Structure formats: C-alpha cells, structure tokens
Amino acid sequence: MQRLRRVRVGARLSATFGSVTLLLVVMIGAAVSNIVAQRNADQRVAASAGLQRDALIAKFRAADLNGWQTAYAFDAIRGVPDATTDTVGLRAKFLASAEALRQDLARIGAHDLSTEERRQLATAESAFDRFMEVDARIVAGYRDGTPAMIAASNDLVAGEALAWFDQVAAAVDQLAVEAQADTETDAAAARTTSTRGLTLMVVVGVACLVIATVLTWTAARNLVNKARNKAILAAIVEQSADATLTLALDGTITTWNSGAERLYGYTADEAIGRRVAMLLQPDSDVRHAEVLRGLSEGIEFRFEETPRRRKDGSEIFVSTNVWPLRDDDGELIGGAATERDVTARREREAEQRIADERAARAARLESLGQLASGVAHDFNNLLAIILNCVDFIAEDTGDAVADDLTRIRNAAHQARELTSQLLLFAKREPTHVEIVDLNTVVTDAADLLSRAIGAGITLRCHTCSSALPVYANRSRLDQILLNLVINARDAMPGGGFVAIATRTVEVPDDPAQPLPAGCYAQLTVSDNGTGMSAEVKDRLFEPFFTTKPADQGTGLGLATVYGIVGDAGGTITVDSTPGAGTTFRILLPLSSLVRPGRPPEHRTRSNISSSSGLPG
C-alpha cells in the first residue's frame, strides 16, 4: 500500500513537472513570437509616423503657397517694382514654396501608400499642376500691364487659382488625416501585439505557479474572499446614513458608525465604552432592561418612533431594529442596532393631520352652514306668515287679546333674529360693507364692552400704532367684539381679565395656510378663564353647540362670529388650555384703498382698581 501510494505521488509529480515544462516551452515560444511581431509593428508605426509627418509638412507648405501667391498679386496690383520677377521678391518666395511642395508630394509618393492614399496623392498632384498652370497665366497678365489683363489675373487669383488650391489643400489634408489614422491603427496594433504577448507570458507563468501551489492558493483565496466581504460590509455599515452600533450584553457600546455620530452628536471615541442608556429618555429604563434581557435570550426587537436624546439634550424620534449578535462559532456575544431618524417625517405627519382636521372642520361647518341657511329661509317664511296673521288679528280684535298678540309678535321677532344669526353663519345674509379702521372699532366699543363684562373683570385694549383699514360691516365687527367678550366673561365666573389687541401680521406662503400670503390685520381677544378641552374646541363654531345651560345660550354666538369673519375674507382660530384661558385670533385682509393715518389713542377700561394675569 505504501509503495502504491509513493507511485501515485511520483506520477502526480511527474505529470506536474511535465505540465510546467510544457508551459515554460510555450512561454518561451510566445516570447520569441511576440518580439518578432513587436518589431514588425514598430516598423509599421515608424512608417506611418513618417507618412503623417510628410503629409503635415505638405499641408502647411500648401498654406504658405497660397499666401505667397496672394502677396505677390497684391504687390503687382499696387505697382511694386519687380513684383512679377521670378528671381526676387515675393514672387521668388512663391516659386520656392511651390518647388518645396512638389518635393513634399514626391516624398509622400515614396511611402507605401494604400489605394485611397494613392488616389488622394494623385488628386493633389493633378490639382497642383493645374494651379501652377493658372499661376503662369496670372503672372503673364500682370506682366502685360494692361488694365484688362490685370483684371483678368485678379479674377484668376480669386477664382480658378483658389479653386485648384482648395483641391490641393483638401487632398493633402485628407492624406494627413489618413496618415494619422494609420499611425494610430498601427500603434494600437503594436500595443495589442505587445499586450497579447505579455498576457500570454503572464498567463503561462501564472499557470505554472497555480499548478505548483494549487492547494495553498485555494485556501488563501477563501481567506481573502472572507476578509474582503467583511471589509465591504464594514464599509457599508460605516458609511450608512443610518446609525449603526453594537452592544455588549450589559449595554456597553462597542462600535459606533459615522451615521450614529451625525444622528446623536457623539464621536466614536466619546460613545464607545459608555452605556447605551445615555441615548435614552429617563422614563425608558424598564424597556431598556427588557431589551437587554431579550438580547441575552436571542430575541429580536423593532420599535417605531422611539424617543432618543442627543448630545445637546434635544429630543429626536427614531425607528429602531435590534437583534442578537453571534460570533463565528454561534456564541451570543452582544447585540446590534440600526436606527433611522424619523423626526422630520413625524413632524410632517403631524402637520398633515392638523391640515386634514382643519379641512374636515371647514367642510363640516360649510355643510352645517348650508343646512342652517335652508332652515333659516324656510323658518323666515313661516315667521312672515305668523307676523302677518298677528297683524290682521290685531286689527280685528280689541284690547282683550292685544297683550297676547304682542307677546306672539315679540316671540316671532326673536325667532327672526335667530334666523338672521343662522344666515350670518351661513354667509347668506346681505350686508353693507365699508372701509373701517379696526383700531377705531376697538376703541369706540371699549365703554360698551366694559359695562357688558361686569364687575371683577378687567378690560384691556391695546391697538396698533398705525391705522388698520379693513373692508367689512362696522356693526358686525362690533358684534364680533361683543360676542367674544361676553363669551370670555362667562368663562371667568371668579373674575379675571379680557385683553383685546390689534396689530399687523405677515402670513407666509404656506400650502397649509388657508389665506394667501400677505399682510393682514390681526384682532386678538384673550382671557385667563377656565379654557376649554380639545373636544369642545373642535366643535366651537358649530351652530347651536354650547356648553352653557339651556336657558343661558343659543349656541349661535361663536357660529355668528365665524360667519362674519368668513364673509369678510378672513379666518378665525382659537388657542385654549384648560385652566389657563383662551385666545381668539382673527385675521382680516388689509384694504389698500385707505392710506394709514394717525392711530387712535390707546385706552384701557378697568372695573377693578388693580389688574393681574397675562399682558393683553
């Protein structure tokens, strides 16, 4: 058995040695063949380069030739002495250039030219001969000296001679282009020949090494591939936009990529070695302990919109994936996590929810307005019938039923007032509008509002330093103030303050903003009363909605305000916190028809001697 094994090993070694020897012979033959082919290729490159050089010289010589002919023709026209003499002056330089070009064409013809190159050379030589024939006629005309002959020579210079020169120049230029192409082709062929030979020798040499070290190479390749894959994965993790970190089972950070640096503000040196709890909010201790316990048991976790704390103390929200980390032997050594910043997305979603709620609220109020309008019109028709009938009965009866009829008439008038408020909410009530100063409306209503809110409540009025002209109905602006102030008074049974303020505001260009961008007049009515819940605020402007007892309100006050503001082209919003008070903000378009004038004096009306609370 041992002898048979040695025989097998010897046979393998002999086969390997024979293969290596054969490859070496092939490599030597390839090297010799490559040297010969390379030498031939170099010769072709040198010949092509010589042809290109001669073609370029002829090209530039042709340009000189045309220049010298034009120059001596100008001298002849100007009457320069000996301008047409062959041995002196510009004419002599022209003839020297022509002879040089003829020699250049002859040198080009001595090269090993292709069929197309021979054709171009023949064209150039033929055109050159014709050019020189025309030149002989030109110089003869100049030497004749008669105006007719000089004119004929001028025509030949600018016409037939130039045409034949163009043919010469074009043919020589094409020769230069083809010679350059031949040079590049031969150079590329030489490089290819060299590359093929070198490649063949390298392949044979590598094959020899591969055969000699096949087992070692296979093992090394596996190690290299594994290391490269790990390096690629490490680079991907390091350059990822998401935060990626690894943890020991006790929560200590062991790795920290650049995405984590950008997300949290800690550098790798600052983060590695510290507990991951530094990134968590103080109320996350229980969940943190559960995650570490789950990682030790091999459990994966995923969290959406989890709060985190950055180095500067600011709060962000992240989407987190956490999974157990094992070594090559499958042993659990810690955990890994990837975290993506979703703070901006969360803010966009919140803004979208607010916009959707605002749109739904506006649509609901619009539908209620349409319903209220229909009911109010029908009810007005019924009230008109009732009032007419009461008037007829009052004319035909005596004083015995007069009091009852009066009560019926008063009740009908009150009902008509309610329908008028409904129509105001629905924006169906016709009204007279004019340009009024919002500051004047506030200051003129201050005395009435002070009496309306009663004792124990302070009224503060602070108007803008410049006029605020708006296009609206004056009495309805008064009604807005009265309704809002009365509403604030009812929210402060224990006393407090009501602040009314006006100013100008700039509305930015925002798709979520119901008003176009521009400058608006703002009217705010604030109180420090009981405030309201989110549910109440959501239904605040609905007709007949009220939180007051049934005998103390109709639920149409704020609905009427909403309708008046909308009819004036503005918006009304409310901010309220239970126990902290409420602020109504009304934006009305400024009228451009009135030039701002002197503002009214600021006035404050108080029903108690001292004031407290927030500034108006």
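Residues numbered from 1 in each chain as written. Predicted model: local features only at pLDDT ≥ 70, side-chain atom pairs only at ≥ 80, totals over all residues. Heavy atoms only, no water.

**Focus: the overall build of the protein chain**
When helices and strands are tallied, the protein chain shows 15 helices and 13 strands. Within the protein chain, the proportion of its 616 residues that are buried is 36%. For the protein chain, the share of sequence-separated contacts (at least 6 apart) that also reach a separation of at least 24 residues comes to 67%. Carbon and sulfur atoms form 57% of the exposed surface of the protein chain, whose accessible area is close to 34600 Å². (Helix = DSSP H or I, 4+ residues; strand = E, 2+ residues; numbered from the N terminus. Buried < 20%, exposed > 50% of the residue type's maximum accessible area, 1.4 Å probe, protein only. Contact = heavy atoms within 4.5 Å. Areas by Shrake-Rupley, 256 points an atom, 1.4 Å probe, with all protein chains shown as cover.)

**Quick notes on the sheet that holds strand 1 (residues 243-247)**
Pairing is antiparallel in the open sheet, where five strands are placed in the order 2-1-5-4-3. One side of each edge strand has no neighbouring strand; the edge strands of this open sheet are strand 2 (253-256) and strand 3 (301-309). Put simply, the sheet's adjacent strands are angled 30° from each other on average, direction ignored. Relative to strand 5 (residues 332-341), strand 1 is paired through five bridges, and the arrangement is antiparallel. Each residue of the ladder has a partner; that of A243, found in strand 5, is E339. (Pairing = 2+ DSSP bridges. Axes fitted to C-alpha atoms, helices over the stretch in contact; angles between N-to-C directions.)

**Looking at the state of the cysteines**
On inspection of all chains with the given rule, the structure shows zero disulfides. We note that C464 lacks a disulfide partner, and the nearest cysteine sulfur, in C519, lies 9.0 Å from it. Taking the relative accessible area as the measure of exposure, C519 reaches 35% and is therefore partly exposed. (Disulfide = S-S within 2.5 Å.)

**Observations regarding the nonpolar core**
Ranked by size, the top nonpolar core spans 40 residues in total, and within it L477, L481 and I500 carry the most contacts. Broken down by element, the residue count for this core peaks at seven residues, all from helix 12 (residues 438-453). One finds L65, L113, M132 and W164 within the second-largest nonpolar core, a separate group that totals 36 residues. (Core = buried A, V, L, I, M, F, W, Y, C linked by side-chain atoms within 4.5 Å.)

**Re helix 9 (residues 285-296)**
Across its 12 residues, helix 9 extends 17 Å between first and last C-alpha, which sits within 8% of the 16 Å expected from 1.5 Å per residue. Within helix 9, burial applies to H288, V291, L292, G294 and L295. In a view along the axis of helix 9, the buried residues occupy a sector of 160°, so they form one face of it. Turned more than 90 degrees from where helix 9 packs its buried face, D285 and V286 sit exposed. Buried residues belonging to helix 9 abut strand 3, strand 4 (315-326) and strand 5. Count one or two residues on from helix 9 and you reach G298, which has phi positive near 80°. (Expected span 1.5 Å × (residues − 1). Arc of directions from axis to C-beta.)

**A closer look at the pattern of salt bridges**
Using the criterion set out here, one finds 18 salt bridges in the structure. In this structure, D242 and R340 form a salt bridge, with 2.8 Å as the shortest nitrogen-oxygen distance. Taken together, the residues span a long stretch of sequence, with D242 in the loop between helix 6 (214-239) and strand 1 and R340 in strand 5 at a distance of 98 residues. Where R308 meets E339, a salt bridge forms, and the shortest distance between an N and an O atom there is 3.1 Å. (Salt bridge = Lys/Arg side-chain N within 4 Å of Asp/Glu carboxyl O.)

**Observations regarding the side chain of S576**
The topology assignment puts S576 in strand 11 (residues 571-577). From its side chain, S576 meets the backbone oxygen of G581 in a polar contact 3.3 Å long. Only 2.9 Å separates the side chain of S576 from the side chain of T582, close enough to count as a polar contact. If we ignore the near neighbours within four places in the chain, the residues touching S576 are G531, M532, K537, G581 and T582. (Polar contact = N/O pair within 3.5 Å; in protein donor to acceptor, adjacent residues only side chain to side chain.)

**Quick notes on the pairing of strand 3**
Alignment of strand 3 against strand 4, held across seven bridges, turns out to be antiparallel. When the sheet's bridge partners are listed, T306 is paired in strand 4 with V318. Here strand 3 folds back onto strand 4 in antiparallel fashion, the turn holding five residues, of which G313 has a positive phi close to 90°.

**A look at the pairing of strand 1**
For strand 1, the tally of buried residues reaches five of five residues, placing the bulk of the element in the interior. Burial along strand 1 is two-sided: A243, L245 and L247 and T244 and T246, pointing in opposite directions, are all buried. As judged from the three bridges shared by strand 1 and strand 2, these two strands associate in the antiparallel manner. Residue pairing for strand 2: L247 is matched across the bridge by I253.

**A word on the packing of aromatic side chains**
Summed over all chains, the structure comprises four aromatic pairs. One Lys or Arg, R346, reaches over the ring of F317 and ends 3.7 Å from the middle of that ring. Here R460 stacks its cationic end above the ring of F497, 4.6 Å away from the centre of that ring. (Phe/Tyr/Trp six-rings, centres within 6.5 Å; stacked < 30°, edge-to-face > 60°. Lys NZ or Arg CZ within 6 Å of the ring centre and 35° of its normal.)

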